[in-house]
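# Observations on the three-dimensional arrangement
Listed below, chain by chain, are the residues.
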Amino acid sequence: MKHYIARRAGYSLLSLILLSLTIFLFIRLTGDPTALLTEPGASEEDIAAIQAKFGLDQPLWIQYGVFMGSLLRGDLGDSFYYQTPVLDLYLSRLPNSLILAVSAMAFSLLLGIPSGILAAVKVGKFWDNAGKLFALLGLSLPSFLVGLLMILLFSVYLEWLPSSGSGGILHLLMPAFALGWYFAAAHMRLTRSSMLEVMGSEYIKLARLKGLSETGVIAKHAFKNALIPVVTLAGINLINMINVAVVVETVFAWPGIGRLLYEGVSFRDFPVVQGVVLIGGAMIVVVNLLVDIIYAIIDPRIRLEK
Amino acid sequence: MTSITDRSTEPGAITRRAGLGLFISSLLAGQSLPASAAASGQLNIGVHISLAPTWFDPGETPGLITPYMLIFALHDAMIRPMREETPGHSLAESSSISPDGLTYSFKLRQGPTFHDGSPVTADDVKFSFERYRGNSNALLKDRVASVETPDARTVIFKLKEPWPDFLTFYTAATGANWVVPRKYLEKVGDAGFKKHPIGAGPYKFVSFQPGVELVLEAHETYWRKSPSIKRIVMKVIPDEATRLVALKRGEIDIAYSIRGELAVDAQRTPGLSLKIAPDGAMYFMYFPEQWDPASPWSDLRVRQAAFHAIDYKSINDALCLGHCYLSSSIVPRAFEFVWQPPAPTYDPAKARKLLAEAGHPNGFDAGFYWCDSSYANLGEAALNNLAEVGIKAQLRPIERAGFDKGFTDKRYKKGIIQGSSAAFGNASTRLSVWAVKGGAYTYGSYPDIDELYPKQLTEVDRAKRAALLEQMQKLVYEKHMFVNLWQLAFLNVAGPRVAEAGIGLVKTYVYTGPYEDMALKGS
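### Topic: the overall build of chain A
- In terms of helices and strands, chain A carries 13 helices and 0 strands.
- In chain A, the succession of α and β elements from N to C terminus is α-α-α-α-α-α-α-α-α-α-α-α-α.
- Taken along the three principal axes of its C-alpha coordinates, chain A extends 85 × 60 × 30 Å.
- Relative to its full complement of 306 residues, chain A shows a buried share of 40%.

### Quick look at the confidence of the model for chain B
Residue and element names in this part refer to chain B.
- This prediction gives chain B a mean pLDDT of 88; 92% of its residues lie at or above 70.
- pLDDT under 50 marks residues 7-33. Its contacts with residues more than four places away, or in other chains, come to 39 contacts.
- Across the predicted assembly, pTM comes out at 0.79 and ipTM at 0.71.

### Topic: the sheet that holds strand β16 (residues 416-421) of chain B
Residue and element names in this part refer to chain B.
- One open sheet holds the 5 strands; their spatial order is β15-β14-β16-β13-β17, and the pairing between them is mixed. Each edge of the open sheet carries a strand with a single partner, namely β15 (391-398) and β17 (482-487). Adjacent strand axes in the sheet meet at a mean angle of 25° when their direction is disregarded.
- Looking at chain direction, strand β13 (residues 282-286) and β16 are connected through 5 bridges and run antiparallel. Paired with Tyr286 across the two strands is Ile417, which belongs to β16.

### Regarding the domain arrangement of chain A
Residues and elements named next belong to chain A.
- Under the domain assignment used here, chain A contains domain 1 (1-81 + 268-306) and domain 2 (90-266).
- On a C-alpha basis, the centroid separation for the pair domain 1 and domain 2 is 29 Å.
- Domain 1 puts 11 residues into the contact, and the matching count from domain 2 is 12 residues.
- Of the residues that constitute the side of domain 1 that touches domain 2, the class distribution is 8 nonpolar, 2 polar and 1 charged.

### Focus on the environment of Leu91 of chain B
All names here are of chain B.
- With respect to the secondary-structure elements, Leu91 resides in the loop between β3 (88-89) and β4 (92-97).
- Leu91 gets classed as buried once you count the C-beta atoms within 10 Å, which come to 26.
- In this structure the C-alpha to C-alpha distance between Leu91 and Lys107, which are 16 residues apart in sequence, comes to 8.6 Å.
- With residues near it in sequence (within four places) discarded, Leu91 still touches Asp76, Ala77, Met78, Leu108, Arg109, Pro112, Val120, Val179 and Ala200.

### Examining the domain arrangement of chain B
All names here are of chain B.
- Partitioning chain B into domains gives domain 1 (2-30 + 52-198) and domain 2 (282-487).
- Here domain 1 and domain 2 have C-alpha centroids that lie 34 Å from each other.
- The interface of domain 1 with domain 2 comprises 13 residues on the first partner and 15 residues on the second.
- Broken down by class, the residue content of the side of domain 1 that touches domain 2 amounts to 6 nonpolar, 5 polar and 2 charged.

### What to know about the sheet that holds strand β8 (residues 203-209) of chain B
- Strand order in the open sheet formed by 7 strands is β8-β9-β10-β1-β11-β18-β12 (chain B), and the pairing between neighbours is mixed. Among the strands making up the open sheet, the edge pair consists of β8 and β12 (273-277) of chain B.

### Structural notes on the nonpolar core
- Grouped together as the largest cluster of nonpolar side chains are 217 residues, with contacts concentrated most on Val179, Tyr283, Phe284, Met285, Ala306 and Leu485 of chain B.
- Here the element with the most residues in this core is helix α7 (residues 169-199) of chain A; it accounts for 15 residues.
- Setting aside its immediate chain neighbours within four residues, Val179 of chain B contacts His75, Asp76, Ala77, Met78, Leu91, Val120, Asp124, Val125, Ser128 and Ala200 of chain B.

### Quick look at helix α9 (residues 300-309) of chain B
All names here are of chain B.
- Most of α9 is tucked away, with 8 of its 10 residues classed as buried.
- Every buried residue of α9 is listed here: Val302, Arg303, Gln304, Ala305, Ala306, Phe307, His308 and Ala309.
- Looking at the packing, one finds that the buried side of α9 touches β13, α11 (348-357), α12 (376-389), β15 and β17.

### Concerning the interface of chain B and chain A
- The partner chain A presents 41 residues to the 40 residues of chain B that form the contact.
- Of all the secondary structure elements, the ones that give two or more residues to the side of chain B that touches chain A are α4 (137-141), β10 (229-236), α7 (240-248), α13 (400-408) and β16 of chain B.

### Observations regarding helix α5 (residues 166-173) of chain B
Residues and elements named next belong to chain B.
- Burial within α5 is extensive, with 7 of its 8 residues counted as buried.
- Within the sequence span of α5, burial applies to Leu167, Thr168, Phe169, Tyr170, Thr171, Ala172 and Ala173.
- Buried-residue contacts for α5 involve β2 (79-80), α4 and α14 (427-434).

### Looking at the pairing of strand β6 (residues 144-151) of chain B
Residue and element names in this part refer to chain B.
- Among the 8 residues of β6, 0 are classified as buried, and the element is accordingly described as predominantly exposed.
- Pairing of β6 with strand β7 (residues 154-159), which is carried by 5 bridges, proceeds in the antiparallel orientation. What sits directly across from Val144, in β7, is Leu159.
- Between the end of β6 and the start of β7, which pair antiparallel, lie 2 residues.

### Structural notes on the packing of helix α9 (residues 214-244) of chain A against helix α12 (residues 270-298) of chain A
Residue and element names in this part refer to chain A.
- Put simply, α9 and α12 touch, their axes get as near as 10 Å, and they point 170° apart. Between α9 and α12, the interaxial angle falls into the category roughly antiparallel. For the pair formed by α9 and α12, the contact residues are Gly235, Ile236, Ile239, Asn243 and Val244 on the first element and Val276, Gly280, Met283, Ile284 and Val287 on the second.
- A class-by-class count of the residues in the contact of α9 with α12 yields 7 nonpolar, 3 polar and no charged.

About the criteria used
- Residues numbered from 1 in each chain as written.
- Chains lettered and ligands numbered in written order.
- Predicted model: local features only at pLDDT ≥ 70, side-chain atom pairs only at ≥ 80, totals over all residues.
- Helix = DSSP H or I, 4+ residues; strand = E, 2+ residues; numbered from the N terminus.
- Buried ≥ 20, exposed ≤ 12 C-beta atoms within 10 Å, placed from the backbone.
- pLDDT = per-residue confidence, 0-100.
- Contact = placed C-beta atoms within 7 Å.
- Pairing = 2+ DSSP bridges.
- Axes fitted to C-alpha atoms, helices over the stretch in contact; angles between N-to-C directions.
- Domains from an automatic or database assignment.
- Nonpolar A, V, L, I, M, F, W, Y, C, P; charged D, E, K, R; others polar.
- Core = buried A, V, L, I, M, F, W, Y, C linked by C-beta atoms within 7 Å.
- Parallel < 35°, antiparallel > 145°, perpendicular 65-115°, else oblique.

Spelled out as structure tokens, the structure:
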């Protein structure tokens, strides 16, 4: 077991190193940030001074070395744009992203799971077709469009909700819906397919043969088992909601991590983009590592695999 | 000694305008604050960009206009763009320059205080200059031999050698003359200052939530005038459409940067009014092949044809609702030493005639039209006009940073380049970068212009320098090195509660200001 955990941890570390190298190089492919830190027509001296200040005049391998050195000390560097530590920025935005992500997740599960069950139970009938339409719209309508349509309806025409910003529960409703909408569709689809798979299994047939009511079969036997992959997906989606709600947070001026990433990309703020991507990546890697370990505990065959 | 804001032609003389400026400044310095009702109400501004704490500190001013949105509220400077005059005396009551151009003296006005109640002193001015580390820092400080403060209200800058652009850099192109409190900064340090900045400006810092909002409160003993609005809240709303909705719903009172069709929508909405800041960046066409004898662009008549081919007014009406400023010069109208050439004229018949005379009766293929993708719409409109007279080119929009890099690396040797500049400075600094040999953006130059450039750079006699710079600008225009398309207007919208949005009141400044002049209806 120890060897298995060590091996998985090694893979996780390697993944993070590769991620750091990838994001370090890819963000630099977008161009020189100094052009966005000055007005057009800035003097060469000013551009050179900015490059020197942020170490951008150094060769790439030195910049990467400095970045990794700081990372090992727990320092993600200072934002070019805000000129404050990236970790401070991240932590200041994290509560907002958590609130939004948890709300959006609650909404997506409350909508996605019941509609998925209904579609699976009524397969081929009206509710199944309605569910398919919902999934199609959820997965294909871009969140910025959903967001803007909601602003138009609820803020401009009905005047029920504030158009943007953060503060109270009313501010949260539209961004949570716009963010959760896509994930609700994904959860609905997975719940439906998982339920259909479970409903066709032998133990469900046995339960029915034993004379259990259909509601009892669905609620007690099918639903619990069908829920496992949905919960696993929801866990990963929650991390995605926290870190990459870029469009929704921008449209609704929600001050979370997604918008921080948007700002980082907009201003070629390399340390911010690197920091946000790495923390998000680390969250996913750690979750996957924990899942691997749990699987290995549950099923000893896994840890014996080479 | 001559006053620094003096625009006279004779050394030592004071013109009516400069005299009036000094008189106004002295008058304001001498009088007590106008009796007014206590500040009241709250005004919310929807800003288009995330506010960065580094902008609270004028000592770190980068080469961007945006930080001045905050600096004008929180801080004050010795000389700066004022509503009455640009540049005008602010914390400085008076100023002078020695005949040899080596000594610049400033006298602080009596009375201004920082937000913590401590007086603004000469020592704070010196400290602010010395701690400045932002844009053009080395360029400025390398030329200053010493800063002396013989008493609490006098500051004297001594230069190593005459440098006529000292004031341009000290008061406009850098943040070095914005005054911060020495004692407070030494107590809290740079990081502490960014968390809770204290300045001498019309508004005090209250709170800041990164990415959310900045709250400011009136500095009721501000020397120029007590602000009438008690509280100003800057809310960050990056999406333009959302910003306009927030304004329509009354969640904010001013929305920065509302463009194109959204601006038309705002204009049509009862209660909303468009507020224009006209002094944005210059946008122009540049012909890098004009020095290549084999190119059609080397013929002056072809460049003149391009000048007459552009329907400036229609483009301005379509893209900028007619609010951009149309001029034939790449030097902004508010810059020192600017010379205004004749206004641009749209005359396609004349353009075709000039092309025919140049040996291109059927026009020619100009290759690519390189531009920053953010302003590809302007390029597209210009290209359509050029095509109408026979100059055909393909639009090549490139993302801004890549475009700038390609421009300065001289990669666009063929075709037409749509240049732009929002850099601070004066006519000399603008020409040095774009029109003179060795400039960052110059693909070639003309000897007669190059010859004049170093002469004006060291000319301490202001009138003579102005004449040299006028001559340079005339040559640039006559040669049609550039075809200026417009000076961009910054479009903003104010809501029904706003009596004075303060936009466009101060020349060269595009955001709200003076903050102390802003007012809500009934306040």
